[in-house]
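# Examination of the molecular architecture
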Amino acid sequence: MMKIYYQPIVDYIDAQFEAYLQEELKIKRSFNDYHDSRIHVCLYFISPTGHSLKSLDLLTMKNIDSKVNIIPLIAKADTISKNDLQKFKCKIMSELVSNGIQIYQFPTDDETTAQVNSSMNGHLPFAVVGSTDEVKVGKRMVRGRQYPWGVLQVENENHSDFVKLRDILLNTNMEDLKEQTHTWHYEHYRCCKLQKMGFTDVGPDNQPVSFQEIYEAKRQEFSDQCQREEEELKQKFMQRVKEKETTFKEAEKELQDKFEHLKRVQQEETMKLEEERRQLEEEIIDFYKMKAASETLQTQACTNIKKDKDRKK
C-alpha cells in the first residue's frame, strides 16, 4: 500500500531523466535551448513528532536517494523545545544511517566552503519554520508568527534554520547540487537504462565494444525477432485457416449427408406415392369394368323380361 504514495515521486524524477536522455541521444542536440527539468534537490519534510521517522518516510527516502539529492528538514520546528529538537535531530540522523539512506552531504573538499559546509552538515536535518505573514518587531517588519509569548522570526537563526538552508542552497552549493545530479544520479539512471536496453562497454571476451557494433547487433536482433514473430503469426494464421477449413469441410459433409438422407427419403416417398397411385388406378379400372359388366347384365335382364312379357301375350 505504501508503494502507491512514493511511486509517483519516483516516476516523475525518472521522467525528467528520460527526457534529458532522449535529448542527449538525438543526432542534432540543442542543449543551449533545452530546458533542463531534472530535479537537483529534494527537500524532504519530516513531521515534528519528536520520536522517530515513520516507516513511510524511510521507505520513500530509500527509494529516491539514488535518484535525487535529499536534504531532510523538520517542519514546524517551533512545536518542539530546543532540547527535544536536538535529540530529534540526532535520532533522525541515526535512523537514516542505520537504514542505509544516503542524504546529500555538503562538500568539504573546497577550501573556500569547507568550513561552512562542515558546520552545515552538523546541523542536518535543518529545523525550519515558515510563514507568509509579516509582524512588527521593534521598529521593523519581519516575516514570522505572532504567539502570546512573543514573535517567532523565520529569518532569525536562533529561531529557525531557514536562513542556513537558503544560503547553503542558493549561495554556496547550487552548482554542486547540479553537478551531483548530472555526474551521479543521472549517470546512474543512464547506465541502468542503457544496460536494460542491452548496451554494454565490453563484449563477452571483455574486449571494448563500440556503440555502433552494439547498435547494429541490436538492430539485427530486433529484425530477427520481428521476422520470427512474423513467421509465428503466419504459422498461427495458417493453422487457424486449416482449422477453419477442416471445420467447414466437416460442416459441408454433414450438410451433404443430410441432403442425401433427405433425398433418399424423398425418393422413397415418391416411389411409395407412385405405387399407391398405380394401385388406385388399377382399382378404378376394375371398378369401371365391374360397372360395365353390371350394366350389361342389367340390360340383358331387362331384355329377357320384355321378351317373356311379349311371349305371354
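Below: a short report on this structure.

Conventions and cut-offs
Residues numbered from 1 in each chain as written. Predicted model: local features only at pLDDT ≥ 70, side-chain atom pairs only at ≥ 80, totals over all residues. Heavy atoms only, no water. Phe/Tyr/Trp six-rings, centres within 6.5 Å; stacked < 30°, edge-to-face > 60°. Helix = DSSP H or I, 4+ residues; strand = E, 2+ residues; numbered from the N terminus. Buried < 20%, exposed > 50% of the residue type's maximum accessible area, 1.4 Å probe, protein only. Lys NZ or Arg CZ within 6 Å of the ring centre and 35° of its normal. Core = buried A, V, L, I, M, F, W, Y, C linked by side-chain atoms within 4.5 Å. Contact = heavy atoms within 4.5 Å. Salt bridge = Lys/Arg side-chain N within 4 Å of Asp/Glu carboxyl O.

### Quick look at the packing of aromatic side chains
- Summed over all chains, the structure comprises seven aromatic pairs.
- Between Tyr 20 and Tyr 34 the ring centres are 5.8 Å apart and the planes differ by 70 degrees, which places this aromatic pair in the edge-to-face class. Taken together, the positions of Tyr 20 in helix 1 (residues 3-24) and Tyr 34 in the loop between helix 1 and strand 1 (42-46) put the pair 14 residues apart, joining distant regions of the chain.
- You can call Tyr 20 buried: its relative accessible area is 10%.
- Members of the aromatic cluster, each reached through a chain of ring pairs, are Phe 17, Tyr 20, Tyr 34, Tyr 186 and Tyr 189.
- The aromatic ring of Tyr 20 is capped on one face by Arg 38, whose charged end is 3.7 Å from the ring centroid.

### Side note on the nonpolar core
- Ile 71, Phe 106 and Phe 126 are the most contacted members of the largest nonpolar core, which has 41 residues in total.
- Contributing elements (two or more residues each) for this core: helix 1, strand 1, helix 2 (55-64), strand 2 (70-74), helix 3 (82-98), strand 3 (126-127), helix 5 (162-172) and helix 6 (174-196).
- For this core, the leading source of residues is helix 1, giving six residues.
- Leave out the neighbours within four places in its chain, and Ile 71 touches Val 41, Cys 42, Leu 43, Tyr 44, Tyr 104, Phe 106, Leu 124, Phe 126, Leu 165 and Leu 169.

### With respect to the pattern of salt bridges
- Evaluated as defined, the whole model comprises 15 salt bridges.
- Taking the shortest distance from any N to any O, the salt bridge between Arg 190 and Glu 187 comes out at 2.9 Å. Taken together, the residues span about one helical turn, with Arg 190 and Glu 187 both in helix 6 at a distance of three residues.
- For Arg 190, a relative accessible area of 23% corresponds to the partly exposed category.
- Measuring nitrogen to oxygen at the nearest pair gives 3.8 Å for the salt bridge that ties Glu 254 to Lys 258. Taken as a pair, Glu 254 and Lys 258 lie in helix 7 (residues 211-312) at a separation of four residues, close to a single helical turn.
- Look at Glu 254 and you get partly exposed, because its relative accessible area is 46%.
- The partly exposed category is assigned to Lys 258, whose relative accessible area is 47%.
- Ionic contacts of the salt-bridge type, sharing partners, join the residues Lys 89, Asp 161 and Lys 164 into one network.

Everything listed here is a matter of coordinates, which is why it stays silent on function.
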